[in-house]
Amino acid sequence: MENVVGDRVLIAVQAVNISRLSTHPVPTVPGTLIVVAGAGPKDSNGAGKSSFIASITALLGDEQWRFASGAKAVSELLFNAELASGAGGRQWASADHGYIVGVFGPPGADADLAALDHGAPAAADDEEGGAGELISAEMETGELFQVPTGGAVTVWLRVNQEAPHLEVRWREGVHLAAAASEAERVARADDLWNALPKSAGRRDVVARDLTKVLYGDRVRCVSFLSTSVRSKVATNLLSQPLNEISPERVFEAIAALTGLDTELEQEREARRDEHAKRVRAAQAGERLAEFEAESKAWVTTFDRRDQARVRLAEALRCWRGRQARKLADAAAKDELLAAESARHREAAEKAAGAIAMVKAEIATLKDDTLDRKVGEARKELAALQARAAKLDADRAVAANSADELRGQIPALEETRRFADGRDVPAAEREVGEARLRLNEALKGLGVADREVASAQAALDDAEGGPAAAQLNALSAAGLDATGLLDALDVAEQARDHAHGPGPEGLVLSGLRGWPHEHAVIVDADRLEAAAAALAGLPGSVLVSSAGVSVVGAFDGVATGREARIKAAEHRLNRAKDTQESATQAVHDAEGAVARAQRRLEGAKAAVRLAEIEARLAERRAKLAELTAAVEEVTPKVAETERLAGSLDFRARTRDMEIERMEGRRQRHEGERNQANEQDRRVAADREALKLDALAADWGGTADGAREWIEALPEEERPRGADEWWRMAERHFDQAQRDTFPEEDAEVPEELAFLLAERAGSTAREQATFAAVCGALASYLRGQEEYEKHQRRQIEAQVDSRQRDLAAADKGAEEAAQSTAVHRAALTAAIKARLTRVAEEFDKLDTGYGGYGATLEFPVPPPPADPEQRWQWRVTPKWRRGDGQGFVPYNRRANTALMDEKAVKLVCAAAIASSGGGHLCLVLDELGRNLGKEHRREAVALFRRIGETYGITVIGALQDDMEPYAIDACGQYIKLRRSSDAMPYNEPPVIIGHDQHAERVRALASYVERPAS
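Everything numeric in this text was worked out from a predicted model, so none of it was measured.

Definitions and cut-offs
Residues numbered from 1 in each chain as written. Predicted model: local features only at pLDDT ≥ 70, side-chain atom pairs only at ≥ 80, totals over all residues. Heavy atoms only, no water. Helix = DSSP H or I, 4+ residues; strand = E, 2+ residues; numbered from the N terminus. Buried < 20%, exposed > 50% of the residue type's maximum accessible area, 1.4 Å probe, protein only. Contact = heavy atoms within 4.5 Å. Areas by Shrake-Rupley, 256 points an atom, 1.4 Å probe, with all protein chains shown as cover. Pairing = 2+ DSSP bridges. Core = buried A, V, L, I, M, F, W, Y, C linked by side-chain atoms within 4.5 Å. Salt bridge = Lys/Arg side-chain N within 4 Å of Asp/Glu carboxyl O.

### A few points about the overall build of the chain
- For the chain, the helix and strand inventory stands at 24 helices and 23 strands.
- Considering the chain as a whole, with its 1012 residues, one finds that 45% of them fall into the buried category.
- Restricting to contacts in the chain with at least 6 residues of sequence separation, those with at least 24 account for 76%.
- Working note: accessible area of the chain is about 51500 Å², and carbon and sulfur atoms make up 50% of it.

### So, the pairing of strand β17 (residues 853–856)
- Going residue by residue along β17, you find A853 and L855 tucked away on one face and T854 and E856 left uncovered on the opposite face.
- Pairing of β17 with strand β18 (residues 875–878) involves four bridges; the strand directions are antiparallel. Across the sheet, residue E856 finds its bridge partner in β18, namely T875.

### Here's the deal with the sheet that holds strand β2 (residues 26–27)
- Strand order in the open sheet formed by six strands is β2-β1-β4-β7-β8-β9, with antiparallel pairing between adjacent strands. What marks the edges here is a single partner per strand, and that holds for β2 and β9 (205–206).
- As paired elements, strand β4 (residues 97–105) and strand β7 (residues 153–160) share eight bridges and run antiparallel to each other. Directly across from I100, in β7, lies its bridge partner L157.

### Section: the side chain of T640
- With respect to the secondary-structure elements, T640 resides in helix α14 (residues 561–688).
- Not counting chain neighbours up to four residues away, the residues in contact with T640 comprise A377, E380, L381 and L384.

### Considerations on the side chain of T875
- Within the fold, T875 resides in strand β18.
- The class for T875 is buried, based on a relative accessible area of 13%.
- Discounting residues that sit within four places of it in the chain, T875 has contacts with P247, T854, L855, E856, P888 and Y889.

### Things to note about the nonpolar core
- Membership of the largest hydrophobic core comes to 64 residues, with the highest contact counts inside it found for I254, L855, L921 and F942.
- With twelve residues, the top contributor of residues to this core is helix α21 (residues 895–914).

### What about unusual backbone geometry?
- The amide bond that connects A163 to the next residue, P164, takes the cis arrangement and shows omega of -5°.
- Inspection of the secondary structure puts P164 in the loop between β7 and β8 (166–172).
- A positive phi angle is found at N17, which is not glycine, with a value near 60°.
- Inspection of the secondary structure assignment puts N17 in the loop between β1 (9–16) and β2.

### Re the pattern of salt bridges
- Enumeration according to the criterion identifies 24 salt bridges in this entry.
- Its salt-bridge partner being R706, residue D703 comes within 2.3 Å of it at the nearest N-O pair. Taken together, the residues D703 and R706, both in helix α16 (residues 702–710) and three residues apart, mark about one turn of the helix.
- For R706, a relative accessible area of 26% gives the class partly exposed.
- Salt bridges sharing common partners tie together E314, R317, E716 and R719.

Structure below.
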């Protein structure tokens, strides 16, 4: 089972036999600042604040307790009578075991601070936020408070003076020691422990598995603890001004908060182990080198003798190889020559048979039947190709003609639609009739045009002067006339007033008026003609010697020039209307002529289309006939062409085959002659091998020699006889030098004689080689037993020392590799953890009034001294304004700024260690270094950060910090001990600040209810 607590948070803790702490359960408010104050006999010292917060860190699995090593330091938290009071050693007994009990509930539940267990005093806010001490309630049975279903779990840590120092058990629900007195609660704790089921089956979970089983290896607590409960103290960033702490100590503080100090200590232990193993390896190497130097002379002599024996055996083997190779080579060559001779004879016979076969094939191929077939096929192919070409040409002509006819059809069909079903005669009649109507319309238009011109002229005359129209009409009729007023020379002023007789007795009364202005003078004999000419101008006055005549009568009374103009305009308008009607008639007649003409063209197109369709049908029939003929002759042409090509190819192939056969015949004749000559030469070579003499020298058969060679290693099989001899001679000379390295060495008499006899020539060396090798071997066998005994003694000593050295070297190498791997992993972990701290530092700074902060942490080289700690340096930096660069922490700054950054850095390290889960930050001597004017702000900052990030900050503080912390914290716990004679504390005072008044009232009601 792993991660029993899961996401639950600590909501109550009870200590039994832990230091001088009271056994009363103490509730905790998760996710805020909890300050722990003390009231000892003289001041806050001696109240057990450090022991209280230390027990919480042990319960929450703070790795600084070294759980993997058994967490022996936790046992120092047990009640010690001598330390409890001066007389405690005689009146009280030290505890051999105790309990740290924690209740974990769901995060955010309303019962986090709901109530206390039996006999647990507490205090809670009233409705307005004030604090008051609650009365302790003693109960016999029942749970502390109500929690949601499946919510709470109670974890019991048994702390033992002897190993195992920690044992863990748990149970769902709330199970605390409840009784009326301290002694009864201690006894009740043992009973509850025995009643709890063992957490690991038949045994309990111990210290090394605590964090994994309870929290799933997730960090739930980081702390700064004092020397009174810890053997090793990390630098407290809040215990002195931040700028007085060196970068090395800043790193140590962050490492303690994030759990890196344990890993650094493991790295130093690995370096120590590596150094020790390297020292042992060096010592083992020195001992081995010393012994090897002492025995080197003897071993060298023995090695030379052994090498001489090997060389001598090798020389004899090479001599044997020479003889085997000579016989095997000769036998192989003889077999090759025999096989070659047989091949030559077989080749000669095969060539003779091939020559006969080729001659017969040539005679068969020279038959002329194929040539006749080729000629006939070519003639038939030419005739068919000519016929096919003619048919293709005729079909192309027919196809082109049909295409031309088809091309005319669309236009004719389009024109034929204009006929509207009429034939050519009917269309021609309609054209004639339309043209007659057009001529009539044109004539009417001409008459209208003339009338318009005449009316326009009359209007112009009327507008142009007196009697202008009459004069124009008379002039048009060929009559001479003059206007009456034009013929008189009267003063202008007299025209309107003169009264008197006019010419011929005419009295003029008012020259400006009718009839004077429209009167014209004509000859008396032309009076009637003039009246007829002016018939169209009523009111005209003719003056002649015969008298005055008025032509026609007025439709209305003509009164001067305006009347004449209006009459002319009326005439002109009638003429224009007539002209427009005539023009429209002409237009309509022209349209009728055009339509009739189109109908005629359509009728003619229908006749032409019928003719073309008839011709097209003829072309199509002809084209179908030609296509059928082409389709019929095409396969014949292809077949004939294929047959002619095949026969032609066969003819060419035959000629080539005849030519090739002639070449083969000549080649076979040359091969036969060459085979006979080579067979004779091979027979002479076999005689020269002298195979029988070589077999006698070997002392066996050729098969035996080959088997001996086949048994050799693969690299030795290709060696020749001369190479075997050179190697045999070289091995013997080396064996002789290894046996007698000094020039004045004493050589056995027999061996010396043989050595002297073999000098001179290669033939004598080969003749005496076996004897001299035998003499040398006899001498070496006599020395072998003694050398073996001495070698065994030396080798036994060397092997023993080499094993020691190998083991030491292996251990040193493994230690070095382990150290390197651990250091690489640790470097990555440190950088990742510090990067996380820097990110959280920046978030906290920008979120709580700053301008951004970061950490600078270069990777230092590992120390050479195995006892030296791997020292890292962390330099906090922050911006002092928007857009400014980062400034190192050790630059001069005000105290408030330093205190604020120190609090944020501590919280950032805690957040980085939480891994996203609920975290508890435990601080001893909270705010000891903070200035009086900044203490309240710093403590409030702890609370805001804790509530924002879900961190429970528990801080123990001295008397001078209490006034500043009590109002700024989220929960206040005060441990009390009034006298040095009292070994145990009095019930603690607890004040909880809670914004939910209803929950606070429910807490007070529950705690204050009487015991049942």
